[in-house]
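Reading the structure
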Amino acid sequence: MEATLQKIVEKYGKDSARLMDILYDVQTEFNCVSDEAVEKIAALLNISGVDVEQTRSFYHFFTKKPAGKYAVYLNNSAVAEMMGAGEIAKAFETAAGVKFGQVTADGKIGLHYTADIGMNDQEPAALINGQVFTSLTPAKVNEIIAGIKEGKCVKDMITTYGDGVNANPLVKSMVKNNIMNNGPVLFTDYQVGAALKKVVEMGPKAVVQEVKTSGIRGRGGAGFPTGMKWDFCSQAAGAKKYVVCNADEGEPGTFKDRVLLTEKAKMMFEGMAIGGFAVGADEGVLYLRGEYRYLQAYLENCLKEMRDAKLLGNVLDKFKFDIRIQFGAGAYVCGEETGLIESIEGKRGEPRNKPPFPVQVGLYNKPTIVNNVETFCAVSKIIEKGGEWYKGMGTAESSGTKVISISGDCAKPGVYEVVWGMTLTEMLALCGADAAKTQAIQVAGPSGVCVPPSQFGRKIALEDLPTGGSMIVVGNQRNLLKDLSLNFMDFMLDESCGSCVPCRALNHIMKEKLEKILNGNGIKKDIADLEEWSNSLSKTTRCGLGQTSGNPISTTIKNFRNKYEELVKDVDYHSDFDLAASVQTSCNYVGRKPNIHH
Amino acid sequence: MSKPVVATASLAGCFGCHMSILDIDDRILQLVELVEFNKSPIDDIKTFTKMCDVGIIEGGCCNSENVENLLAFRKNCKILISLGECAIMGGLPALRNGIPVEECINEAYCDGPTVSLNKERILPNDDELPMILDKVYPLHEIVKIDYYLPGCPPRADLIWNALVALLTGSKMDLPYEVVKFD
C-alpha cells in the first residue's frame, strides 16, 4: 500500500490542493480510502490526518469501507423512481444477493444509491465503476450481474453505443444525446477557433463589451450578467487570475451540460479561453462532476487537439491560456461556485461567505470568473456572430437561447435549445406531453418551483420562471408530495454540507414533518410550521442550496395547498408516537417482553 | 384566590435546567410566595396530589418511564412547558439517534471503556426496569406542549420572567440575548 500511495501522491506533485485526484486514484486502486490510507496520505502530503479525513468524508464516491470491486451506484432521484428505479433496485438485490448499502461477502459487488447522475432522459440508470448504464430493465440487470460474476471488464459489458460523440472510440458509452430541438446558438454549425481568432484582434476590453452587449446572463441558474462579472474580474487587482467552468450540473433533472460537453466540448473550451483573454487569466479549470468521468479521455483529447492547433497553450501566439480538468466526486453543493472553488483546492465543498465574491477572491484567493458550460459555449457564438445578433433573440431580460433538459412524463425527454420566453404550455406540446394529463411541472429542479396547470401560461425567462435547465413533467398518475417533494427533501438533506445549522437541522425536521403528514398524522398547524421554517431557511443560510432547500415543500404548499389540506387533521394536536413500537427493538435485543401499562 | 400550583420534572436531562431554576437566587423566596409546588424534585413530592396549573419539564424522552411521566404531567397540568434544549429538541442524549439502539446498549453494558465486570455480556432485562426507546424524542412529539423556553440551560432570568408573565398574565420580557444561542 505504502508504495502505491507514494506513487499516487507523487503523480500529483505532492500537492495537497490535488487531494481530490489523489483520493480518487486511491479509491480506484483499493475500492476505498481506508483510515490507514488517510493517515499515510496525510504524512506524504505533510498535512494533518483530519485535513484528508474531512475531504474524504465529504464526497459520496470516496468511501471509508470497500465499496465493492464492482461498485454499483443506482440513481434514486425522483424521475428515476418515476421510471421504475424501485423495480431495478429489487432486481439488483436479487441478482447480487445483497441489499443496497451492502457489499457481497467476497467483496466483489457493492450496491449503493446515489443522487441524480444527469441521465433523467434515459432512466433508470446506474454508474458501475464510473461507466453509465442507462434505460435499465430487470433483464439487463441480470445480464450485468452475470457479467460481473464472470469477472468481465465493465467497459466490455457496454455493447451498443449512443449517438454522436458517445460512439467515439474514446467514449464508447451507451448514453444517448437526445437532442430534440436544435437552436441557433449552441446546437448549430460552429467553426472551432473562429471566435478566438476574432478576439485577439478585438482586445480584452472589446470582448467584455461584446459580451455585455449580448445581454447574456449566467446559464447555471442564478442569472448573473456575464459581461458584468467579467468586467469586475478584469478590473480586479492582481496579475494572477483564473477561469473556472462549472460543469457540476447536479440539480436533479438537469442534463443539458452533459450533452454540451459531449457534442460541443471545444466550443466550451474556446469560450473559456475567450474568458481568459478578456479578464487576463492564463489558467482555466473545468470542474466536471464525477458522474461524467466517462467523458474524461475524450475531453482530454479535445484539449490536446486544441493545444496542437494553438487554440490553447500559447494561443495563436498572442496570449497564454491552458485548461485542466478537475473532477468532483459526488457532491451537489459543489455546483455552488464557492463550494466548487473549495473543492478544486482539495477541500470539503463548503460554500464560502460572500462577499468577497470570486471575481475578487476566488480560486487560491485570486480573482476568478466562474461560469456555466452553456455560458462559455454561448460566448463563443456571441463573439462569432456579435452581441447584437444574440440580443435580438429572447425577452427583455433574458436574451438569446436556453438549453433545457426535459424529463418525466413526456413522450420525448431530452435536451431542447429554445429561445427564452417560451410558455410552459408550448414546452409541453414540444416534448409530447398532454397538458390535460399533467398535474405539475417542476421548473429548475428541487430548488426551483413546482408549477400548477393554472400557471402553465407562464414564460421560461429569468424575469418569470428562471431555470438552469431542469424541467420535470409530472403526470396526473403521480403522488406529487410523496414522489416529488419527499424525494427532493431526502436529496436536500443528503446534500447539505452541514455548515449552517438551519440547513443541517431544519431540512431533517421538515422532511420528518412531511412524512408525518403523508402518513396521515399531520395537523393543520404542521402546514403553517413548514411554511414558516422554509422562510427561516431562506434567510438564515449561507448559500443557494440552503436558501432554496425548503422549496420542494414551500412551493407545493403555495401552489398545491389542497393536497396538504386533504391529508391533515383539523385538531389542535396529534401525536404519531407509538410506545409499543418504539421499545420493540431494545426489548428484543435485551431479551424481555414489553410491558406497556396504558 | 388560591396560589397557582406548579409541578416540575427532569426526564432525559441532566438536572442543569433545574439548577438554573435555583439560580433565580433570592427570588426563590418570592416564588414560594407566588406559587405552590406539587410534584417536583424541589419539594420531593413523588406523585401528583392535585391538578396543577403549570408543568415544567426538562429533558426529552429516552425510555418508557419518561413517557409515562410525561403523560402524567399532561394529564395533571393545564399548561405544559418544555424547558431547555433536551426537552425541545432531544439535546445531547439525542446524539444517539443516528446509532442503532443495539449498538448503544452494547456500548453501555459490554464494550464501553469503563465496563470491566461484564464478561458474560449480561444485558439488563428485568421487568421492573424502564424500556429503552428506539431514539430520544423531544416532548412535543409525544404530548402537546404549550410553551418552549430555550437554552442549555435556559438562564435563570428567562425562567423567572416566563413564570412571572404566565402567573400574572403580563407580556413576557424576552430580550434577544436570552433566546439567541450560537
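Residues numbered from 1 in each chain as written. Chains lettered and ligands numbered in written order. Predicted model: local features only at pLDDT ≥ 70, side-chain atom pairs only at ≥ 80, totals over all residues. Heavy atoms only, no water.

Observations regarding the overall build of chain B
- Across its full length, chain B carries seven helices and seven strands.
- When the helices and strands of chain B are placed in sequence order, the string is β-α-α-β-β-β-α-β-α-α-β-β-α-α.
- Its C-alpha atoms put chain B at 60 × 40 × 30 Å along the principal axes.
- A total of 182 residues make up chain B; the buried ones form 42% of that total.
- Across chain B, contacts joining residues at least 24 apart in sequence account for 74% of those joining residues at least 6 apart.
- For chain B, the accessible surface area stands at approximately 9,800 Å², while carbon and sulfur atoms represent 56% of it. (Helix = DSSP H or I, 4+ residues; strand = E, 2+ residues; numbered from the N terminus. Buried < 20%, exposed > 50% of the residue type's maximum accessible area, 1.4 Å probe, protein only. Contact = heavy atoms within 4.5 Å. Areas by Shrake-Rupley, 256 points an atom, 1.4 Å probe, with all protein chains shown as cover.)

Notes on the pattern of salt bridges
Residue and element names in this part refer to chain A.
- Within this structure, the stated rule accounts for 49 salt bridges over all chains.
- In this structure, the salt-bridge partner of Asp25 is Lys11, at a minimum N-O distance of 2.9 Å. Of this pair, Asp25 sits in helix H2 (residues 19-30) while Lys11 sits in helix H1 (residues 2-11), and the two are 14 residues apart along the sequence.
- We note a salt bridge from Arg217 to Glu397, for which the minimum N-O separation is 3.7 Å. In this pair, Arg217 sits in the loop between helix H9 (204-214) and helix H10 (226-235) while Glu397 sits in the loop between helix H16 (387-391) and strand E11 (401-408), placing the two residues 180 residues apart along the sequence. (Salt bridge = Lys/Arg side-chain N within 4 Å of Asp/Glu carboxyl O.)

Some words on the pairing of strand E9 (residues 319-327) of chain A
Residues and elements named next belong to chain A.
- Note that strand E7 (residues 283-288) and E9 share six bridges and pair parallel. Considered in E9, the bridge of Val285 is made with Arg324.
- One ladder, built from three bridges, connects strand E8 (residues 313-315) with E9; its direction is antiparallel. In the sheet register, Val315 faces E9, and the bridge partner there is Phe319.
- Between the end of E8 and the start of E9, which pair antiparallel, lie three residues, with Leu316 showing a positive phi angle near 50°. (Pairing = 2+ DSSP bridges.)

Description of empty space enclosed by the protein
Residue and element names in this part refer to chain A.
- Counting across every chain of the model gives three cavities of 30 Å³ or more.
- Here the largest cavity is characterised by a volume of approximately 140 Å³.
- Around the largest cavity, the lining comprises 17 residues; the ones closest to its centre are Arg289, Glu291, Gly330, Ala331 and Tyr332.
- Its residues placed into classes, the lining of the largest cavity shows seven nonpolar, five polar and five charged.
- Both domains that furnish three or more residues to the lining of the largest cavity are identified here as domain 2 (70-159) and domain 3 (181-392).
- Its boundaries defined by the atoms lining it, the second largest cavity holds a volume of some 90 Å³.
- Lining the second largest cavity are Val333, Pro351, Ser496, Cys497, Gly498, Ser499, Cys500, Cys503, Arg542, Cys543, Leu545 and Gly546. (1 Å grid on protein atoms, 1.4 Å probe; cavity = no way out; pocket = protein on both sides within 12 Å on 5 of 7 lines; lining within 4 Å. Points joined across faces, edges and corners; volume = space filled by probe spheres on them. Nonpolar A, V, L, I, M, F, W, Y, C, P; charged D, E, K, R; others polar. Domains from an automatic or database assignment.)

A look at the sheet that holds strand E1 (residues 5-10) of chain B
Residues and elements named next belong to chain B.
- Strand order in the open sheet formed by five strands is E2-E1-E3-E5-E7, and the pairing between neighbours is parallel. The two strands at the open ends of the sheet, each matched to only one other strand, are strand E2 (36-37) and strand E7 (147-149).
- Here strand E5 (residues 77-83) runs beside E7; their pairing, made up of three bridges, is parallel. Residue pairing across strands places Ser82 opposite Tyr148, the latter belonging to E7.
- The strands touched by helix H3 (residues 64-76) are E1, strand E3 (52-58) and E5; relative to E5, the strand with the most contacts, the crossing angle is about 135°.
- On top of the sheet, helix H6 (residues 156-168) reaches E3, E5 and E7; it is set at about 155° to E7, its chief contact. (Axes fitted to C-alpha atoms, helices over the stretch in contact; angles between N-to-C directions.)

What about the domain arrangement of chain A?
All names here are of chain A.
- The domain boundaries assigned to chain A delineate domain 1 (1-58), domain 2 (70-159), domain 3 (181-392), domain 4 (402-477) and domain 5 (481-569).
- Contacts between the two partners involve eleven residues from domain 1 and, on the opposite side, 19 residues from domain 3.
- Summed over both sides, the interface between domain 1 and domain 3 buries roughly 1,100 Å², with carbon and sulfur atoms accounting for 53% of that surface.
- In terms of surface lost to domain 3, no three residues of domain 1 exceed Ala17, Met20 and Phe58, which account for 55% of the buried area on that side.
- Between the two partners, domain 1 and domain 3, sit zero salt bridges.
- Counting across the domain 1 and domain 3 interface gives four residue pairs in polar contact (both at pLDDT 80 or more). (Buried area = accessible area lost by both parts, 1.4 Å probe. Polar contact = N/O pair within 3.5 Å; in protein donor to acceptor, adjacent residues only side chain to side chain.)

Digging into the sheet that holds strand E6 (residues 242-247) of chain A
All names here are of chain A.
- Spatially, five strands are ordered E8-E9-E7-E6-E10 in an open sheet, and the strand pairing comes out mixed. Single-partner strands in this sheet number two, and they are E8 and strand E10 (368-372). Each strand of the sheet is rotated relative to its neighbour by a mean of 25°, with strand direction disregarded.

Topic: the packing of helix H18 (residues 480-495) of chain A against helix H22 (residues 551-559) of chain A
All names here are of chain A.
- Look at H18 against H22: their axes get within 8 Å of each other, and the N-to-C directions meet at 150°. Judged by residue contacts, Leu480, Leu481, Ser485, Phe488 and Met489 of H18 engage Pro552, Ile553 and Thr556 from H22.
- In the contact of H18 with H22, the residues fall into six nonpolar, two polar and no charged.

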